[in-house]
2 protein chains.
Amino acid sequence: MANIQEVARKAGVSSATVSRVLNNTTAVSSTTRIKVEKAIEELKYAPSMLGRNLRNSESRLLLVLIHTFSNPYYTEIINGIEDYSIANGYNILLCETDSNASRETTFLNMVKNKLADGMISMNPTVDLEKLTGLAEKHPIILCSDYYETMEIPYVAIDNEAAAYKAVKHLIKLGHEKIAFINFDERILYARQRRKGYERALNEFNIPIQDQWIYNSQGLEFHNGVQAMRKFLQLEEKPTAVFAVSDTLAIGALKETNERGLNVPDDMAVVGFDNISFSNMTNPTLTTVSQPMYNMGYKAAEMLIDSIKGQPVESVIMDYELVMRESTIN
Amino acid sequence: MANIQEVARKAGVSSATVSRVLNNTTAVSSTTRIKVEKAIEELKYAPSMLGRNLRNSESRLLLVLIHTFSNPYYTEIINGIEDYSIANGYNILLCETDSNASRETTFLNMVKNKLADGMISMNPTVDLEKLTGLAEKHPIILCSDYYETMEIPYVAIDNEAAAYKAVKHLIKLGHEKIAFINFDERILYARQRRKGYERALNEFNIPIQDQWIYNSQGLEFHNGVQAMRKFLQLEEKPTAVFAVSDTLAIGALKETNERGLNVPDDMAVVGFDNISFSNMTNPTLTTVSQPMYNMGYKAAEMLIDSIKGQPVESVIMDYELVMRESTIN
DNA sequence: ATTATATTTGTAAACGATTTCATGAAAATT
DNA sequence: AATTTTCATGAAATCGTTTACAAATATAAT
């Protein structure tokens, strides 16, 4: 594979000149430009990003850290990240940790080692100490999941208020036995959404019952199925359930249907995220809509600004309660 | 940020020695090793991938080209790609073309420019000429979508046989009015699956009717909804439908439910892929199961072998018809 | 004690671009 | 015509590694 020197030789100019026509930084006379372009063409030369990256001390790569792909929530966010990044000359290095600590370390080292110019993390189970250390030297933005104790900029929604709104919706429909499928409460949004859930119940003087709170190990469909199975085995069954993720809610919905119960009459279901599938279930799912695409887009914007040395501020985005058939006939 | 020279100076050795302890290639005496490790620690040194990559003329990055994330089919494949890649010291550069030709060109150039050591393409609407040219000089593997006329190695299933089997399943159930929701037939698998559809009908002397064949522009849920809407407007409605993607099938299923028709009694539905959702619909979806994860895993294996200079052969993987409630009570 | 061999280490040249600085040629000004 | 200014180009340094080769040191064999 030809390099810039060979092109220069063939065109009878210096490599500096070739570089100049490549990046058209400084003026180059049209005669030499043509000579160079001809040489490039003939040698089928393509400049090496490896050389360029080293010289420029940048990779123009953004590391995107997620726990798993299997939740469409993340893929929507990634869409937003990618659109902004590409439009601004960056590309995405997608990294899935799968809750694997050593993988996580590998990925964090990639930004430490300058393979990526910065990182957007949506990964909850991160090695916090390492993350803080990294954030001191490298641009990092947190998306959707963040840490109150750190000053790493983030983009998220007001989870507490959103959960409150969802649960209040159920209460307004007359429900009093409202179950809650939460995720691991080591994660901030799980704690925040629980607060919202409890605040709504408290406000209407509905006692909080531990048996109606399920802390799921994962966000897969089957976790939702399992949660609902547990609720339906109880002596005193709930009449509604609020899940912190559409995937969980859909699993719960499935299990409810399976048992021959009617949704929403026997069991109302509310999810969280508004993934595209939530509109395809039968019945369709009432859910808290997060602006996934925009969150990703904004996070990318913040990251690239940060790489360029501009200061960035955390952003709280709007959410919306989308009412569908799983709560209302 | 400290570089290898500074570490060398601090440890009182040469940069070559530092490099050696970093990569433990050659033996280094334990006393100097300790000195070096101490210096690394003190300077919080992290080797730059940029320098390393240039020197080694490799990026250890694999470009994965897809049309869109929004189909879970691809994310499952990517899971497989990522697992194999990471286990073998490579990382994934995820690139979504969104049917945008200029984006596609940008991405292909990334491998031409050595930003990636190779590419796995699952992108159907590729600039074929450019792709062939690229494949002459760079390792490329096609996954799920391939081209008969090129000798670029691929991993796929026998689409014709799989479609045949799916349609035959419907015929065996007594259906004769079987509609077909296909994708753009410029894509090989769409042509292959259509062949399978037609072969099954022919074999049972069922005439092929154009009005029951719908060529969708996309693979989103709403495309499936639209297709079914069209079928249900016909004078002579089908009693079964076979869609080339679960997303389309799920959309079709949704629309059928919406109209108050019973699945499978009034309308049987068969999908393709076996994405995880397909088991969460109501009723659950009969579908052709593709080994997505394994396909991705294998493709990554082939690509990395190819990067290492080993010859690779195309692979045809097994599929399976998963019978669920959307065709059988 | 001397030589032969094995083990560590250092020197310096890559890898392939970009860019500062200097220089020569051309154009503009006097 | 002489001087200044602008423009186009090249030489060489630089980014941060790795590694072939040479040199120095330690160990083993005589």
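The rules behind the values
Residues numbered from 1 in each chain as written. Chains lettered and ligands numbered in written order. Predicted model: local features only at pLDDT ≥ 70, side-chain atom pairs only at ≥ 80, totals over all residues. Heavy atoms only, no water. Near = heavy atom within 4 Å. Polar contact = N/O pair within 3.5 Å; in protein donor to acceptor, adjacent residues only side chain to side chain. Domains from an automatic or database assignment. Axes fitted to C-alpha atoms, helices over the stretch in contact; angles between N-to-C directions. Helix = DSSP H or I, 4+ residues; strand = E, 2+ residues; numbered from the N terminus. Parallel < 35°, antiparallel > 145°, perpendicular 65-115°, else oblique. Left-handed = near helix turned anticlockwise from the far one by under 90°. Contact = heavy atoms within 4.5 Å. Buried area = accessible area lost by both parts, 1.4 Å probe. Salt bridge = Lys/Arg side-chain N within 4 Å of Asp/Glu carboxyl O. Nonpolar A, V, L, I, M, F, W, Y, C, P; charged D, E, K, R; others polar. Least-squares fit on C-alpha atoms with pLDDT ≥ 70 in both. Buried < 20%, exposed > 50% of the residue type's maximum accessible area, 1.4 Å probe, protein only. Pairing = 2+ DSSP bridges. Right-handed = clockwise from strand over helix to strand, strands pointing away. Lys, Arg positive; Asp, Glu negative; His and termini not counted. Phe/Tyr/Trp six-rings, centres within 6.5 Å; stacked < 30°, edge-to-face > 60°.

Peer 1: Got a minute to help me understand the protein's contact with DNA strand D in this structure?
Peer 2: Taken together, 26 residues are adjacent to DNA strand D, and A:Thr17, A:Ala27, A:Thr32, B:Ser19 and B:Arg55 come closest. Within 4 Å of the protein, atoms of DNA strand D come from sugar and phosphate in 62% of cases. One nitrogen or oxygen atom from the main chain of A:Ser14 is found 2.8 Å from a phosphate oxygen belonging to DNA strand D. One nitrogen or oxygen atom from the main chain of B:Ile4 is found 2.7 Å from a phosphate oxygen belonging to DNA strand D.

Peer 1: Just to check I follow, could you spell out the domain arrangement of chain A for this structure?
Peer 2: It is common to give the size of an interface as the accessible area lost on bringing the parts into contact. Examined at the domain level, chain A breaks down into domain 1 (4–47), domain 2 (59–157 + 292–318) and domain 3 (159–290). Computed from C-alpha atoms alone, the centre-to-centre distance between domain 1 of chain A and domain 2 of chain A is 38 Å.

Peer 1: Explain the packing of helix H1 (residues 4–11) of chain B against helix H3 (residues 30–43) of chain B to me, please; I cannot follow it from the model alone.
Peer 2: How two helices pack is summed up by the angle between their axes together with the distance between the axes. All names here are of chain B. As a packed pair, H1 and H3 sit with axes 9 Å apart at the nearest point and diverge in direction by 125°. Regarding the angle of H1 to H3, the classification is oblique. Considering only the axes of H1 and H3, their crossing is right-handed. On H3, the residues that touch Glu6, Val7, Lys10 and Ala11 of H1 are Lys35, Val36, Ala39, Ile40, Glu42 and Leu43.

Peer 1: Honestly, the interface of chain B and chain A in this entry has me stumped. Any pointers?
Peer 2: Across the boundary between the two partners, chain B contributes 51 residues, which contact 53 residues of chain A. Both sides together, the interface formed by chain B and chain A hides about 4,500 Å², and carbon and sulfur atoms give 66% of it. A per-residue breakdown of the area chain B buries against chain A is headed by B:Leu50, B:Lys254 and B:Met280, which together make up 15% of the total. Inspection of the region where chain B meets chain A yields two salt bridges. Note that B:Asp83 and A:Arg103 form a salt bridge whose closest N and O atoms lie 2.6 Å from each other. Summed over the shared surface of chain B and chain A, the number is ten residue pairs in polar contact (both at pLDDT 80 or more). For the side of chain B that touches chain A, the elements supplying multiple residues, two or more each, are helix H4 (49–56), helix H5 (72–87), strand S2 (91–96), helix H6 (101–112), helix H10 (221–233) and helix H11 (246–258) of chain B. Each residue belonging to the side of chain B that touches chain A can be placed in one class, and the counts come to 22 nonpolar, 17 polar and twelve charged.

Peer 1: I would appreciate a short explanation of the protein's contact with DNA strand C in the present structure.
Peer 2: Near DNA strand C lie 25 residues; those nearest to it are A:Ile4, A:Ser19, A:Tyr45, A:Ser48 and A:Arg55. When atoms of DNA strand C within 4 Å of the protein are sorted by moiety, sugar and phosphate together comprise 60%. Residue A:Arg55 places a side-chain N or O atom 2.3 Å away from a base oxygen belonging to DNA strand C. One of the side-chain nitrogen or oxygen atoms of B:Thr32 is found 2.9 Å away from a phosphate oxygen of DNA strand C. Elements supplying a minimum of two residues to the surface near DNA strand C: helix H2 (15–23) and helix H4 (49–56) of chain A together with helix H2 (15–23) and H4 of chain B.

Peer 1: For this particular structure, what's the right way to read the relation of the copies chain B and chain A?
Peer 2: Put simply, the second copy of the chain is the first one after a rotation about an axis and a shift along it. Expressed as a screw transformation, the operator carrying chain B onto chain A has a rotation angle of 180° and an axial translation of 0.0 Å, and the superposed copies differ by an RMSD of 0.1 Å. Taken together, the rotation and translation relating the two chain copies correspond to the operation of a two-fold axis. When C-alpha positions in chain B are compared against the rotation axis, the closest is assigned to B:Leu93, at 2.3 Å. Taken as a fraction of all interface residues of chain B, those also at the interface in chain A reach 100%, which identifies the copy contact as same-surface.

Peer 1: How should the pattern of salt bridges be read in this particular structure?
Peer 2: Where charged atoms of side chains with opposite charge meet at close range, the side chains can pair. Residue and element names in this part refer to chain A. Throughout the structure, instances matching the rule amount to 29 salt bridges over all chains. For glutamate 58, the salt bridge identified is with arginine 60, shortest N-O distance 3.1 Å. Looking at glutamate 58, the relative accessible area reads 22%, which means it is partly exposed. Looking at arginine 60, the relative accessible area reads 31%, which means it is partly exposed. Of the charged contacts in the structure, one is a salt bridge between lysine 177 and glutamate 236, with a shortest N-O distance of 3.8 Å.

Peer 1: When you look at the sheet that holds strand S7 (residues 213–215) of chain A in this model, what are you seeing that I'm missing?
Peer 2: Sheets are built from strands that pair by backbone hydrogen bonding, the pairs being arranged parallel or antiparallel. Residues and elements named next belong to chain A. Spatially, the six strands line up as an open sheet ordered S7-S6-S8-S9-S10-S12, and their pairing is mixed. A single partner strand is all that each edge strand has here, and the edge strands are S7 and strand S12 (320–322). On average, adjacent strands in this sheet sit at an angle of 15° to one another, irrespective of strand direction. Relative to strand S6 (residues 178–182), helix H9 (residues 188–203) is tilted by about 170°, and along the sheet it contacts S6, S7 and strand S9 (268–273).

Peer 1: Sorry if this is basic, but what is going on with the pairing of strand S1 (residues 61–66) of chain A here?
Peer 2: Consecutive side chains along a regular strand alternate between the two faces of the sheet. All names here are of chain A. With respect to burial, S1 is a largely interior element, six of its six residues being buried. In this sheet, strand S2 (residues 91–96) lies alongside S1 in parallel orientation, the contact comprising six bridges. The residue of S2 that forms the bridge with isoleucine 66 is glutamate 96. Tracing the backbone out of S1, into helix H5 (residues 72–87) and back to the parallel element S2 gives a crossover that is right-handed.

Peer 1: Would you mind going over the side chain of B:Asp273 with me for this structure?
Peer 2: On the secondary structure map, B:Asp273 appears in strand S9 (residues 268–273). Buried and unpaired, B:Asp273 has B:Arg193 as its nearest opposite-charge partner, separated by 4.7 Å.

Peer 1: When you look at the packing of aromatic side chains in this model, what are you seeing that I'm missing?
Peer 2: Two aromatic rings, taken as a pair, are described by how far apart their centres are and by the angle between their planes. Residue and element names in this part refer to chain A. For the coordinates displayed, the defined rule picks out 23 aromatic pairs over all chains. An angle of 75° between the planes, with centres 6.4 Å apart, marks the rings of tyrosine 214 and phenylalanine 231 as edge-to-face. Within this pair, whereas tyrosine 214 is found in strand S7, its partner phenylalanine 231 is found in helix H10 (residues 221–232), the two being separated by 17 residues in sequence. Across this residue pair, the class does not change: tyrosine 214 and phenylalanine 231 are buried. With a centroid separation of 6.2 Å and an interplanar angle of 45°, the aromatic rings of phenylalanine 242 and phenylalanine 272 are classed as tilted. Note that phenylalanine 242 is positioned in strand S8 (residues 240–243) and phenylalanine 272 in strand S9, a separation of 30 residues in sequence.

Peer 1: I keep staring at the environment of A:Ala2 and nothing clicks. Help me out?
Peer 2: Within the secondary structure, A:Ala2 is located in the segment before helix H1 (4–11). Apart from the residues within four sequence positions on either side, A:Ala2 is in contact with A:Leu43 and A:Tyr45.

Peer 1: I'm lost on the environment of A:Glu301 in this one. Help?
Peer 2: Residues and elements named next belong to chain A. Here glutamate 301 is to be found in helix H12 (residues 292–307). Overall, glutamate 301 belongs to the partly exposed group, its relative accessible area being 23%. Each C-alpha atom of the pair glutamate 301 and alanine 249 lies 31 Å from the other, and the pair is 52 residues apart in sequence.

Peer 1: What am I meant to see in the sheet that holds strand S6 (residues 178–182) of chain B here?
Peer 2: All names here are of chain B. With respect to topology, six strands assemble into an open sheet ordered S7-S6-S8-S9-S10-S12, the strand pairing being mixed. In this open sheet, the two strands that pair with only one neighbour each are strand S7 (213–215) and strand S12 (320–322). Adjacent strand axes in the sheet meet at a mean angle of 15° when their direction is disregarded. As paired strands, S6 and strand S8 (residues 240–243) are joined by four bridges and run parallel to one another. If you follow alanine 179 over to S8, its bridge partner there is valine 241. Packing against the sheet, helix H9 (residues 188–203) makes contact with S6, S7 and S9, and its axis sits at approximately 170° to S6. Across the sheet, H10 lies against S6, S7 and S8, angled at about 150° from S7, the strand it touches most.

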